[in-house]
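# Descriptive analysis of the structure
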Amino acid sequence: MNENKRKYKWGDRKKLLFLCIIFLFLIASIIFILSKPSNTTVYVAANGSGDFNCDGSDDQVEINKALAYVAENPQFTTVHLEGPHTYVISDSIFIGSNTILEGDQTAVIKLEDKAGWPLEKPMITQMDSAGNYDIIIRGFEIDGNHDENNEKNRGKGYYNLIHFLNCENTQVHDMYMHDSHGDGLKVVKCSGVKFYNNRVYKLGHDVLYAIYSSNIEAWNNKITCRTNSGLRIYNTNHVKFYNNIIDSEGEGGAGIEIQKIGPSTVMNDIEIYNNLLYETNAAGIWITGYGAGYSKDSAKDIFIHHNKFYKTGINEGADWAGGIVLNGFQNTLIENNKFDGCYGAAIAHKQVSDEFSAPSSGYTTVVRNNIIINTQSSPAAGEGYAVYNKLNNTHSFILENNCLSGNAGGNYMGVNSTSDVEADSELAAKLNTNESLGKDFPWSEAMSAGPQTPYEIDENEVQTEQDEGFESSLKRVFSEFIRSLKKLFLGISMQSDRVENVKIALPLIISDNRLKEEAPNVTFSDSEYIDVGKKFDGSIYRGIIIFELSSLNQTDKIEEATLSLFWYYPENQMRSKDTVLEVYRPVKWCKEHVTWQQKESNDPWENSGGDWYDRNGVFQGSTPYATITISGDKTPDNRYYDLDVTELVQEYISGKYENTGFLIKAREEEENYIAFYSSNWQNKNQRPKLTIECA
């Protein structure tokens, strides 16, 4: 009888095993269908697997053949560049209407060495010189190869990355663009341009340059300027620039540039909001109308609101340094912005040179409900005024209810106000530390100015992104289901309740942020590195990082959890002291607003530089969860450095503590500065990672 029971039991096991196999087959089939190449896509590769295959030389030939094939066969929509590969081009790439040019993140289009191209010949342009429409470029990298083409001057029109003329409905998004001689995306007489979710580093002219165009939007871009501005419009209308982060590294011009010349166009619908502009070389925003006479109705109503300006105008020789510098526009409204540490003047009416002379008089700018603090002196731009009117014969300010404090040159030059408020010492201290002042604080909107939703995509406007997000979500659901079935299958096949260790890599980083003592009120969520320690100049840095852990179960036992950071800097310089890296459990913080001074907008840390608990549960304790020592006589050696964070991850998974990530700092912060690549670094194989082994 017992033997029969055992037979039935094993028979049931075989049936269950058979059902599991069927389920696995069905799920695998669904995933295969979801992930297989679309029948509307033409593939370009370098390993022989593509529909068109490149060899690393004159690769535009095969890419252009693929784009021509899509243009000639309307059932196809997309050319996909497979990575990892660098596609070297010796001539332009031409894209037609109703076409998507996309690629893997590891696919790179690169200008050849010593290209010798003529002026105004771009790397990517339209197929029809009369104009094209409905073009999307997304997902890959463009390398302008500046240093190997240095016989040409920057900013003169050589080697623009993308250039369109008379085109409609173009999108450029999720790109990494860098090291060029010219513009990133230059559009002339175009309409319906969307430029978003891009990372752009050190181009040779403007990142986005729109000329005689309309309906231009740029959002969620991270831009470091080199030669000119980040976002620029010239005789262009119906414009929105928002949620962008723009800085410089001691080069370039304004962060955002608005230009009108002559009477031929109207510019009366321009909105600039929720941007962070910091350490720009010249003004954070430069607005200028000039040239032959035009009516004030054709240059008016720019709306600038909820932006944060931090130390903008670092070039000591630039007269147009500062927060906002403007002339030649009527009824500009500057409202609910925060200006902190700008150079010369936070807001100024100025004519940068004789060339930029406004054609009329009677221009008025309204400045209200802004916070303007800590404006600094600049040799060329001013003594450090909150508001400076250098054009008081032709331009005037209306100042209403602005909060002012600590401006080195005084609050006003050539202007005055009866309603502005000078912060007393108590309020000034709170403004400087971003201390929470409550919703009833009159300038609460200005206190929370800056990017609000980094890299958010409008699902109603970008249907393809919505579809991709749904597909990715579905794949993740199937992946979790397969993982559960895998455990069940292993248990049955081994006739044991024990399941073998499953090693899980969790590359999904929710956020990593730098905390910088010298920029105490700036959120650095989009830097390409995270850094710790103290530099020789005395500035201190810490890092804070959080991974997604929700795919793990509360009952999972963590055998090992390893946080891996790729060390890259200082490259050829030894440090006078060792860097002892430590990991602590931070208190809850907000990825959009965390700074050296605050964990959330208007909610400061109790201790500048971050609040944490140590391994023993001691607040601001000194017993880290993990630590490693990097010797001061070592330099980066092209590899990851590992920290054992098993105990802390187990505490998060078990629910003992809410997952607040890792606070990373040096034990002794003294001449031991080092930097690691962040999640924003272009090479995904060098980004931070968390590897977990579960029992």
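Residues numbered from 1 in each chain as written. Predicted model: local features only at pLDDT ≥ 70, side-chain atom pairs only at ≥ 80, totals over all residues. Heavy atoms only, no water.

## Let's talk about the overall build of the chain
Scanning the chain from terminus to terminus reveals six helices and 53 strands. The 695 residues of the chain split such that 56% are buried. As displayed, the chain offers around 28,800 Å² of accessible surface, 47% of which is attributable to carbon and sulfur atoms. (Helix = DSSP H or I, 4+ residues; strand = E, 2+ residues; numbered from the N terminus. Buried < 20%, exposed > 50% of the residue type's maximum accessible area, 1.4 Å probe, protein only. Areas by Shrake-Rupley, 256 points an atom, 1.4 Å probe, with all protein chains shown as cover.)

## What about the layout of surface pockets?
The space that makes up the second largest pocket amounts to roughly 750 Å³. Tyr201, Asp247, Glu249, Arg514 and Tyr529 are the residues nearest the centre of the second largest pocket, which is lined by 33 residues in total. Broken down by secondary-structure element, the contributors of at least two residues to the lining of the second largest pocket are β16 (199-201), β19 (222-225), β22 (245-248), β41 (509-516) and β44 (558-569). Considering each element in turn, the lining of the second largest pocket owes the most residues, three residues, to β16. Residues belonging to the lining of the second largest pocket are distributed by class as follows: 16 nonpolar, five polar and 12 charged. (1 Å grid on protein atoms, 1.4 Å probe; cavity = no way out; pocket = protein on both sides within 12 Å on 5 of 7 lines; lining within 4 Å. Points joined across faces, edges and corners; volume = space filled by probe spheres on them. Nonpolar A, V, L, I, M, F, W, Y, C, P; charged D, E, K, R; others polar.)

## Topic: empty space enclosed by the protein
It is a probe the size of a water molecule, rolled over the atoms, that shows where empty space is left. Applying the stated criterion to the full structure yields three cavities of 30 Å³ or more. Each pocket or cavity is described by its volume, and for the largest cavity that value is around 170 Å³. Lining of the largest cavity is provided by 17 residues; of these, Lys308, Pro451, Thr523, Glu592 and His593 occupy positions nearest its centre.

## Structural notes on a negative patch on the surface
Negative charge collects at one region of the surface, where Glu559, Glu560, Asp642 and Asp644 lie side by side. Looking at the negative patch, the elements that each hand over two or more residues are β44 and β50 (640-644). As for its position among the elements, Asp642 is in strand β50. The exposure class of Asp642 is partly exposed, given its relative accessible area of 44%. (Patch = residues over 30% accessible without salt bridge, like charges linked within 9 Å, V, L, I, M, F, W, Y side chains within 5 Å. Salt bridge = Lys/Arg side-chain N within 4 Å of Asp/Glu carboxyl O. Lys, Arg positive; Asp, Glu negative; His and termini not counted. Charge placed at Lys NZ, Arg CZ, Asp CG, Glu CD.)

## Section: the nonpolar core
The biggest cluster of nonpolar side chains holds 86 residues, and the ones touching the most others in it are Leu101, Ile137, Phe140, Ile162, Phe164, Phe241 and Ile258. When residues in this core are grouped by element, the largest group, four residues, is from helix α2 (residues 60-72). Sequence-distant contacts of Leu101, that is, excluding residues within four places in its chain, are made with Leu67, Val79, Leu81, Ile93, Ile95, Ile124, Ile136, Ile137, Arg138 and Phe140. In terms of nonpolar packing, the next biggest core, distinct from the first, is built from 32 residues, Tyr625, Ile628, Leu643 and Ile664 among them. (Core = buried A, V, L, I, M, F, W, Y, C linked by side-chain atoms within 4.5 Å. Contact = heavy atoms within 4.5 Å.)

## A closer look at the environment of Ile89
Mapped onto the elements of the fold, Ile89 is located in strand β4 (residues 85-89). For the pair Ile89 and Asp58, spaced 31 residues apart in sequence, the C-alpha separation works out to 4.9 Å. Not counting residues up to four positions away in its chain, the partners in contact with Ile89 are Asp59, Gln60, Ile109, Lys110, Leu111, Glu112, Trp117 and Met123.

## A word on the packing of aromatic side chains
Counted by the stated rule, this structure contains 27 aromatic pairs. Between Phe547 and Phe662, the aromatic rings sit 6.3 Å apart at their centres with planes inclined by 65°, giving edge-to-face as the arrangement. Here Phe662 lies in strand β51 (residues 662-666) and Phe547 lies in strand β43 (residues 540-547), a separation of 115 residues in the sequence. Both residues of the pair, Phe547 and Phe662, belong to the buried class. (Phe/Tyr/Trp six-rings, centres within 6.5 Å; stacked < 30°, edge-to-face > 60°.)

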